[in-house]
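Residues per chain are reported as follows:
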Amino acid sequence: MPEIPILAIDGPSGSGKGTVAARVADALGWHILDSGALYRLVGLAALKSGVNLNDHAAVAEIARHLPVRFESGKVFLGDEDVSLEIRTETAGNNASKVAAIPEVRAALLEWQRSYARPPGLVADGRDMGTVVFPQAAVKIFLDASAEERARRRYKQLKDKGMDVNLPGLIAEIEERDRRDRNRKVAPLVPADDALVIDSTSMNIDEVVDLVLQAVRKALPDVGTGE
Ligand code: DC
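Predicted, not measured: the structure shown is a model, and the values here were computed from it.

Caption draft 1: Geometry of the sheet that holds strand β4 (residues 74-77). The strand order across the open sheet built from 3 strands is β3-β4-β5, with neighbouring strands paired in antiparallel fashion. Either end of the sheet is taken by a strand with one partner, and the two such strands are β3 (68-71) and β5 (80-81). Strand direction decides the pairing type here: β3 and β4, joined by 4 bridges, are antiparallel. For Val68, the partnering residue across the bridge sits in β4 and is Leu77. Running over the sheet, helix α2 (residues 35-48) touches β3, β4 and β5 and is turned about 35° from β4.

Caption draft 2: Seen up close, the site of the ligand. Taken together, 16 residues lie around the ligand, and Arg40, Arg105, Arg176, Asp180 and Arg183 are the ones closest in. Contact distances for the ligand include 2.6 Å between an oxygen atom and a side-chain N or O atom of Arg40. Between Arg183 and the ligand, the recorded distance is 2.8 Å, taken from a side-chain N or O atom to an oxygen atom. Protein burial of the ligand: of its 450 Å² of free accessible surface, 95% is covered by the chains. Of all elements in the fold, only α2, α4 (89-98) and α8 (166-182) reach the threshold of two or more residues within the shell around the ligand.

Caption draft 3: Focus on the pairing of strand β1 (residues 6-10). Of all 5 residues that make up β1, 5 are buried, and the element is covered over most of its length. Alternating positions in β1 separate into two faces, Ile6, Ala8 and Asp10 on one and Leu7 and Ile9 on the other, with burial throughout. Of the pairings in the sheet, the one linking β1 to strand β7 (residues 138-143) comprises 4 bridges and is parallel in character. Bridge pairing in β7 links Asp10 to Phe141.

Caption draft 4: A look at helix α5 (residues 102-113). In a regular helix each residue adds 1.5 Å, so 12 residues correspond to 16 Å; α5 covers 17 Å between its end C-alpha atoms and thus fits that length. Within α5 the residues assigned to the buried category are Val104, Arg105, Leu108 and Gln112. All buried residues of α5 lie within an arc of 90° about the axis, which places them on one face of the element. Opposite its buried face, α5 presents the exposed residues Ala106 and Glu110, each directed more than 90 degrees away. In the core, the buried residues of α5 are packed alongside β2 (31-34), α2, α3 (56-64), α4 and α6 (128-132).

Criteria and thresholds
Residues numbered from 1 in each chain as written. Predicted model: local features only at pLDDT ≥ 70, side-chain atom pairs only at ≥ 80, totals over all residues. Heavy atoms only, no water. Pairing = 2+ DSSP bridges. Helix = DSSP H or I, 4+ residues; strand = E, 2+ residues; numbered from the N terminus. Contact = heavy atoms within 4.5 Å. Axes fitted to C-alpha atoms, helices over the stretch in contact; angles between N-to-C directions. Near = heavy atom within 4 Å. Polar contact = N/O pair within 3.5 Å; in protein donor to acceptor, adjacent residues only side chain to side chain. Areas by Shrake-Rupley, 256 points an atom, 1.4 Å probe, with all protein chains shown as cover. Buried < 20%, exposed > 50% of the residue type's maximum accessible area, 1.4 Å probe, protein only. Expected span 1.5 Å × (residues − 1). Arc of directions from axis to C-beta.

Shown next as structure tokens:
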């Protein structure tokens, strides 16, 4: 069977990965894996079951039996629609904590790999190109300064009518970066063969164009709908 083409997009929180991954998947007509959502769900499910996030064995057990359903753009945990709840800053920080537990990462590994289906997969995360899909045809590491990422996040949250402050967001982003980059298993680092894009002074269209160019170069037979 021919290998399923995979585009891995890794990078820190707020680098624009999610938006870029969605736009590129749309242009290519490929499936998408939002791996961060899985870690967010593990954190949320643990807290909802009264499990302390420091109890690694119990959190890993939750990860192995996560009652998750993705249905018409929504995410359900059991019967509860948690689509909005997994998107909060608190859920992101809790995801970063459970993501540092090796047994949790092991529990999610094969599940993430099962998303690779024809005609192709855009995989968004922190270790897509290094651990989950080391064979990916194209690897992108999307970065931006912590201040710029916090500013983008601030704007998004303000637009949703939420009460946030910029210095607090910068501090949170820096703490999350530190945890994600320094953990022992699958830390956030660019794969050796990744194309590193610093999007600090780029807009989304420019980043999407660069990523599509990289896909065309690596996979000349893939139509990019443009
Ligand atoms: O991409 P995100 O903000 O939804 O991810 C939330 C957290 O999950 C992030 O801080 C670290 C963790 N994560 C991870 O460790 N590995 C991934 N492949 C995706 C996310």
